[in-house]
Amino acid sequence: MNSVRGLLAASVISVQNSCFIYPACQKCFSRLILDSRRFNCLKCGCTGEAKDASYRYRLSLKIADTTDLFDITVFGSCLDPFFGVTAENLQR
């Protein structure tokens, strides 16, 4: 993962997918596998009841500045102010 940070003035060209919330492991934030009653994290092995699964935002965007196109993905609670509600509450 690149550790370089900077400020980019750009415009959103498109939202790359329509699924912008996902069931997330509370330990490692990976996507959970859900069935009707249980969840399972393939990365860390965490399991539990499906009704107790937590949700996170994952917003993939195509953006452009004056010279380049970029694909970016924004995760987590930093999107709460944008949507006005947590991913957990939006899922409900």
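Residues numbered from 1 in each chain as written. Predicted model: local features only at pLDDT ≥ 70, side-chain atom pairs only at ≥ 80, totals over all residues. Heavy atoms only, no water.

Looking at an unreviewed UniProt entry, one finds the protein chain named DDIAS protein and attributed to Smutsornis africanus.

1. Thoughts on the environment of Arg37
For the record, the criterion: The secondary structure listing takes helices from DSSP runs of H or I that are at least 4 residues long and strands from runs of E that are at least 2 residues long, numbered from the N terminus. Partly exposed residues are those whose accessible area sits between 20% and 50% of the maximum for their type, while under 20% is buried and over 50% is exposed, using a 1.4 Å probe and protein chains only. Pairs of residues are marked as contacts when any of their non-hydrogen atoms sit within 4.5 Å.
As for its placement among the helices and strands, Arg37 is situated in the loop between strand 3 (32–34) and strand 4 (38–41). Classification of Arg37 as exposed rests on a relative accessible area of 68%. Sequence-wise, Arg37 and Val15 are 22 residues apart; in three dimensions their C-alpha atoms are separated by 31 Å. Setting aside chain neighbours within four positions, we find Arg37 in contact with Gly48, Glu49 and Ala50.

2. Focus on unusual backbone geometry
The residue Phe29 is not glycine, and still its phi comes out positive at about 65°. Among the secondary structure elements, Phe29 is positioned in the loop between strand 2 (21–24) and strand 3.

3. Side note on the packing of aromatic side chains
For clarity, the threshold we go by: Stacked, tilted and edge-to-face are the three classes applied to pairs of Phe, Tyr and Trp rings, where Trp contributes its six-membered ring and a pair requires centres within 6.5 Å; stacked means planes under 30 degrees apart, edge-to-face means over 60, and tilted covers the rest.
Per the counting criterion, the structure on display carries 3 aromatic pairs. Taking 5.0 Å as the distance between ring centres and 5° as the angle between the ring planes, the aromatic pair formed by Phe20 and Phe83 counts as stacked. Here Phe83 lies in helix 1 (residues 80–83) and Phe20 lies in the loop between strand 1 (11–15) and strand 2, a separation of 63 residues in the sequence. Overall, the relative accessible area of 28% leaves Phe83 in the partly exposed class. Aromatic side chains Phe82 and Phe83 sit 5.0 Å apart centroid to centroid with 85° between the ring planes, which places their arrangement in the edge-to-face category. Look at Phe82 and you get exposed, because its relative accessible area is 61%. What links up through ring pairs into an aromatic cluster is the set Phe20, Tyr57, Phe82 and Phe83.

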